[in-house]
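Descriptive analysis of the structure
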Amino acid sequence: MSILPPIGAGERGEPELEATVVAEPGAVTVIIPTFNESANVRELLRQLTDAVPARLPCEVLFVDDSTDDTPEVIASAAQDCPFPVSVIHRERPEGGLGGAVVEGLKAAGSDWIVVMDADLQHPPALVPDLVAAGERASADLVVASRYADGGSRAGLAGGYRVAVSRAATWLTKGIFPAGLRGISDPMSGFFAIRRSAVTPEALRPLGYKILLELAVRCRPERPAEVPFVFRDRFAGESKSTAKEGLRFLRHLVELRTAAPLPRMIAFGLIGLTGFVPNLLALHGLTAAGVHYLPAEVVANQFGVLWNFLLIEVLLFRDRRAHRHWADRIGRFALLANADLLLRIPLIALFVGRLGMGVLTATACALLATFVLRFVGTEALVYLPKRKRKRQRQRPGGRAGRAQAHVTSDAPAARTEGSVRR
């Protein structure tokens with residue numbers, strides 16, 4: 001990852017009377033995640049320069065995952081900006097757009113942070129309005145909403161994208177009624193949030209719906225909204241794909257199952273789906289002439305593998321780094337098969353010692369082994385990653401990253417910075 005120096009911290013003129021009035025403004029960092037947006041950057045910075053009043057201290061931070069010349073175009077266009085412009089270029093785009101925003105949140109030090117896209121579908125002229133609305137309402141979060149009175153989703157191309165956007169909005173608000181109270185457009189990628197309301201370490205983004213991640217995990221108080229018209233892209237193509245849609249659904253499951261009880265319920269539902277591959281494999285093996293007892297044992301492993309894959313993807317994505325996948329699947333299979341061995345003695349105990357009926361005893365044994373299996377899976381397979389001792393940092397940079405000082409070619413009024421690789 002490399003961080004280019006701030007470019008373009010020149011003198012501002014006197015504020016004009018018609019500029020947007022911001023009550024007691026704090027400094028604002030505008031975070032813009034980019035992926036191959038070189039055709040949009042120059043116009044975006046020009047409109048930001050026109051939009052942000054001189055009395056609102058501002059810096060722009062691009063977090064770039066591009067494979068084209070976007071960082072070079074940013075450096076060139078920033079020479080004409082009256083505010084500092086920096087670039088964090090990530091070699092590995094972990095977490096997608098959401099991960100890029102979190103990287104920017106960690107680097108931002110302003111009172112307010114505005115997140116927006118680079119394609120100009122989010123109007124830069126609204127940046128000071130978002131901060132002003134937050135100051136007036138003493139809000140921690142201000143969302144630019146397409147669904148508030150006066151807003152529009154006109155820039156969504158085609159009825160299909162409109163339908164998908166609306167369905168995603170209904171789904172998220174239905175799943176998180178408390179966390180999204182007061183937010184009409186949780187799918188918006190354009191918002192302002194107070195730096196004090198953000199805990200970057202608590203965020204585990206997956207895909208491009210970073211507002212949803214922030215609202216659910218950080219719970220900013222007193223959200224407010226500003227209507228906006230979602231515009232057409234200035235240049236380039238949309239990055240929205242079916243793959244991103246699947247990542248969004250995974251993200252919803254992860255957010256909903258962050259607490260132990262919902263996670264245990266999801267664990268049980270995933271376990272129920274394992275009966276399908278189990279029964280299909282059993283049918284195929286017995287049809288091929290395999291005796292039903294060994295066929296049952298082998299077929300059970302198909303269900304175990306199915307459950308393991310779903311649990312890996314949906315429930316424990318953030319707990320996989322400390323064990324090799326073969327170790328995880330071995331432990332999971334051992335617990336799943338031990339479940340069968342434990343269930344029969346439990347049924348015998350409940351019937352013989354406690355006098356239960358067979359069906360009641362079976363139900364109680366299933367419940368007991370399910371809870372034990374869930375607890376065992378969390379503790380023995382997906383033990384939370386231990387905190388490692390912090391490595392000693394090199395002077396002026398993060399651990400393990402060299403630092404070199406460079407000077408901008410900009411006029412003397414512009415600042416000096418550093419490149420970290």
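Below is a short write-up of the structure. (Residues numbered from 1 in each chain as written. Predicted model: local features only at pLDDT ≥ 70, side-chain atom pairs only at ≥ 80, totals over all residues. Heavy atoms only, no water.)

Turning our eyes to something else, we now look at the overall build of the protein. Regarding its fold elements, the protein presents twelve helices and ten strands. Burial analysis of the protein (421 residues in total) assigns 46% to the buried set. Across the protein, every contact between residues at least 6 apart in sequence was considered, and the portion connecting residues at least 24 apart equals 77%. Entry remark: accessible area of the protein is about 21500 Å², with carbon and sulfur atoms responsible for 60%. (Helix = DSSP H or I, 4+ residues; strand = E, 2+ residues; numbered from the N terminus. Buried < 20%, exposed > 50% of the residue type's maximum accessible area, 1.4 Å probe, protein only. Contact = heavy atoms within 4.5 Å. Areas by Shrake-Rupley, 256 points an atom, 1.4 Å probe, with all protein chains shown as cover.)

Let us look at the pairing of strand S7 (residues 191-194). Of the two faces of S7, both are covered, the one formed by Phe-191 and Ile-193 as well as the one formed by Ala-192 and Arg-194. Here strand S5 (residues 112-115) runs beside S7; their pairing, made up of four bridges, is antiparallel. Looking across to S7, one finds that Val-115 is bridged to Phe-191. Relative to S7, strand S6 (residues 141-145) runs antiparallel, the two being bridged by three bridges. Within S7, the position partnered with Val-143 by the bridge is Phe-191. (Pairing = 2+ DSSP bridges.)

Another point: the side chain of Asn-300. Its place among the elements puts Asn-300 in helix H10 (residues 292-314). Residue Asn-300 is classed as buried on the basis of its relative accessible area of 13%. The contacts of Asn-300, once residues within four sequence positions are left out, are Asn-278, Asn-337 and Leu-340.

Let us now look at the environment of Ile-270. With respect to the element layout, Ile-270 can be found in helix H8 (residues 260-273). What makes Ile-270 buried here is its relative accessible area of 7%. Those residues in contact with Ile-270 that lie beyond four places of it in its chain are Asn-307, Leu-310, Ile-311, Leu-314 and Leu-315.

Okay, the nonpolar core next. In this structure, Leu-45, Leu-48, Val-60 and Phe-62 are the most contacted members of the largest nonpolar core, which totals 39 residues. In this structure Phe-62 touches Ile-32, Thr-34, Val-41, Leu-44, Leu-45, Ile-74, Val-85, Ser-86, Val-87 and Ile-88, once residues within four positions along its chain are discounted. If you look at the next biggest cluster of nonpolar residues, it comprises 33 residues, including Leu-141, Leu-180, Leu-212 and Leu-252. (Core = buried A, V, L, I, M, F, W, Y, C linked by side-chain atoms within 4.5 Å.)

This part covers the state of the cysteines. The final tally for this structure, using the stated rule, is zero disulfides. Here Cys-58 is not cross-linked by a disulfide; its sulfur's nearest cysteine counterpart is in Cys-81, at 9.2 Å. For Cys-58, a relative accessible area of 9% puts it in the buried group. (Disulfide = S-S within 2.5 Å.)

All right, on to the environment of Ile-113 then. With respect to the helices and strands, Ile-113 occurs in strand S5. Residues Ile-113 and Val-127, 14 residues apart in the sequence, show an inter-C-alpha distance of 9.9 Å. Setting aside its immediate chain neighbours within four residues, Ile-113 contacts Thr-29, Ile-31, Leu-105, Ala-108, Phe-191, Ala-192, Ile-193 and Arg-195.

What follows covers the pattern of salt bridges. In total, this model carries twelve salt bridges according to the counting rule given. Put simply, Arg-90 and Asp-65 hold a salt bridge, and the shortest N to O gap is 2.8 Å. Residue Arg-90 is found in the loop between strand S4 (85-89) and helix H3 (96-107), and its partner Asp-65 is found in the loop between strand S3 (58-64) and helix H2 (70-77); the two are separated by 25 residues along the sequence. According to the relative accessible area criterion, Arg-90 is buried, its value standing at 7%. Here the salt bridges do not stand alone but share partners, grouping Glu-43, Arg-46 and Asp-50 into one network. (Salt bridge = Lys/Arg side-chain N within 4 Å of Asp/Glu carboxyl O.)

Of all five residues in S4, five are buried, a share of seventy percent or more. Burial along S4 is two-sided: Val-85, Val-87 and His-89 facing one way and Ser-86 and Ile-88 facing the other are all buried. Of the strand pairs in this sheet, S3 and S4 are connected by five bridges, and their pairing is parallel. Paired with Asp-64 across the two strands is His-89, which belongs to S4. Read as a crossover between parallel neighbours, the route from S3 over H2 to S4 is right-handed. (Right-handed = clockwise from strand over helix to strand, strands pointing away.)

Another aspect to go through is a nonpolar patch on the surface. There is a patch of nonpolar side chains on the surface, built from Leu-261, Ile-265, Leu-269, Leu-272, Phe-275 and Leu-279 and spanning about 640 Å² of accessible area. Mapped by element, the contributors of at least two residues to the nonpolar patch are H8 and helix H9 (275-287). With four residues, H8 is the single largest residue contributor to the nonpolar patch. Overall, Leu-272 belongs to the exposed group, its relative accessible area being 51%. (Patch = residues over 30% accessible without salt bridge, like charges linked within 9 Å, V, L, I, M, F, W, Y side chains within 5 Å.)

It is worth spelling out helix H4 (residues 127-137) at this point. The buried count for H4 comes to eight of eleven residues, which makes it a mostly enclosed element. Among the residues of H4, those classed as buried are Val-127, Pro-128, Leu-130, Val-131, Ala-132, Ala-133, Gly-134 and Glu-135. Where H4 is buried, its residues meet strand S2 (28-34), helix H1 (38-51), S5, S6, S7 and strand S8 (224-227). Note on H4: the residue one or two positions beyond its end, Ser-138, has a positive phi of about 50 degrees.

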